[in-house]
Amino acid sequence: MALAFDVAEDLSAVVRDPRALFIGDDIGEATEEEVEAYLSLLMRWNGKCWGDTLTNTPPWREIPATYLFCSKDEVLPPEYQARMIKDIRARGREVDVITIETAHSPHWTATKEVVGAVDKVAAG
């Protein structure tokens with residue numbers, strides 16, 4: 001966490017290099033202007049949630065789950081994503097995994113693939 005984020009005493013956080021971590025080297029279908037506009041909207045957020053305990057049942061325990069595995073993600077590296085998927089499966093739930101060759105923000109860099117994934121899930 002400390003490498004990717006600056007965390008204040010109140011546990012609010014801001015990403016150190018949002019361009020590198022959220023977008024990466026390949027902006028995909030986005031334009032440079034769109035990426036810059038998106039990045040300009042990012043702000044400090046409440047980082048306390050990183051250590052909070054869930055008080056409600058996670059939805060994946062009750063409904064079918066699909067995970068978009070972002071193979072170039074540096075915020076949630078592939079090893080970490082794989083461990084999350086493994087943990088869900090270890091709890092007796094299946095999770096459909098769709099791999100996208102992109103960084104942490106596939107909605108910007110792989111929009112067509114995200115739409116395809118949503119269409120696949122919606123179609124059943």
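Refer to the structure printed above.
Residues numbered from 1 in each chain as written. Predicted model: local features only at pLDDT ≥ 70, side-chain atom pairs only at ≥ 80, totals over all residues. Heavy atoms only, no water.

**What to know about the pattern of salt bridges**
Going by this rule: Between Lys or Arg on one side and Asp or Glu on the other, a salt bridge is scored when a side-chain nitrogen of the former is within 4 Å of a carboxyl oxygen of the latter. Every helix listed is a DSSP run of H or I at least four residues long, and every strand listed is a run of E at least two residues long, numbered separately from the N terminus. Three labels apply to residues, based on accessible area from a 1.4 Å probe with only protein chains included: buried if under 20% of the type maximum, exposed if over 50%, partly exposed otherwise in between.
Applying the stated criterion across every chain, the model contains five salt bridges. With a closest N to O distance of 3.0 Å, R19 and E36 form a salt bridge. Within this pair, whereas R19 is found in helix α1 (residues 18-23), its partner E36 is found in helix α2 (residues 32-40), the two being separated by 17 residues in sequence. Note on R19: relative accessible area 25%, which makes it partly exposed. Salt bridges linked by common partners bring R19, E32 and E36 together as one network.

**Focus: the sheet that holds strand β2 (residues 12-15)**
The condition is simple: Any two strands are treated as partners once DSSP identifies two or more bridges connecting them.
Across the sheet, three strands lie side by side as β1-β2-β3; this open sheet has antiparallel pairing. The open sheet has two free edges, formed respectively by β1 (5-7) and β3 (45-46), since each of these has just one partner strand. Alignment of β1 against β2, held across three bridges, turns out to be antiparallel. Across the sheet, the residue bridging to V7 is A13, located in β2.

**What to know about unusual backbone geometry**
Of note in this structure, L11 is not a glycine but carries a positive phi near 75°. Assignment of secondary structure puts L11 in the loop between β1 and β2. Overall, the relative accessible area of 42% leaves L11 in the partly exposed class.

**Concerning helix α3 (residues 78-90)**
Stated formally: For a helix, the expected span equals 1.5 Å multiplied by the residue count minus one. In this description, the arc belongs to the directions extending from the helix axis to the C-beta atoms.
Between its first and last C-alpha atoms α3 spans 18 Å; for 13 residues at 1.5 Å apiece the expected length is 18 Å, and the two agree. Regarding α3, the residues found buried are Q81, I85 and I88. The arc that holds the buried residues of α3, viewed along the axis, is 60°, so those residues lie on one side. Along α3, the residues that are exposed and aim more than 90 degrees away from the buried face are E79, K86 and A90.

**Section: the pairing of strand β5 (residues 95-100)**
Quick note on the threshold: A clockwise path from the first strand over the helix to the second, with the strands pointing away from the viewer, defines a right-handed crossover.
Two elements, strand β4 (residues 65-70) and β5, share six bridges in a ladder whose sense is parallel. Looking at the pairing, F69 lines up with T99 of β5. In this fold, the crossover linking β4 to β5 by way of α3 has right-handed handedness.

**Quick word on the environment of T31**
Positionally, T31 belongs in the loop between α1 and α2. On the basis of relative accessibility, which here comes to 34%, the residue T31 falls in the partly exposed class. Distance in space between the C-alpha atoms of T31 and W108 is 9.3 Å, their sequence separation being 77 residues.

**Notes on the environment of R44**
Just so we agree on the cut-off: Note on contacts: a residue pair is in contact if any heavy atoms of the two residues lie within 4.5 Å. N or O atoms within 3.5 Å of each other form a polar contact, as long as, within protein, one can give a hydrogen and the other can take it, and as long as residues adjacent in sequence are counted only when both atoms are side-chain atoms.
Of note, R44 is situated in the loop between α2 and β3. As for R44 and V15, which are separated by 29 residues in sequence, their C-alpha atoms are 7.9 Å apart. Residues contacting R44, with those up to four places away along its chain left out, are D6, A8, S12, A13 and V14. There is a polar contact of 3.1 Å between the side chain of R44 and the backbone oxygen of S12.

Fair warning: the whole summary comes from geometry, so function is off the table for now.
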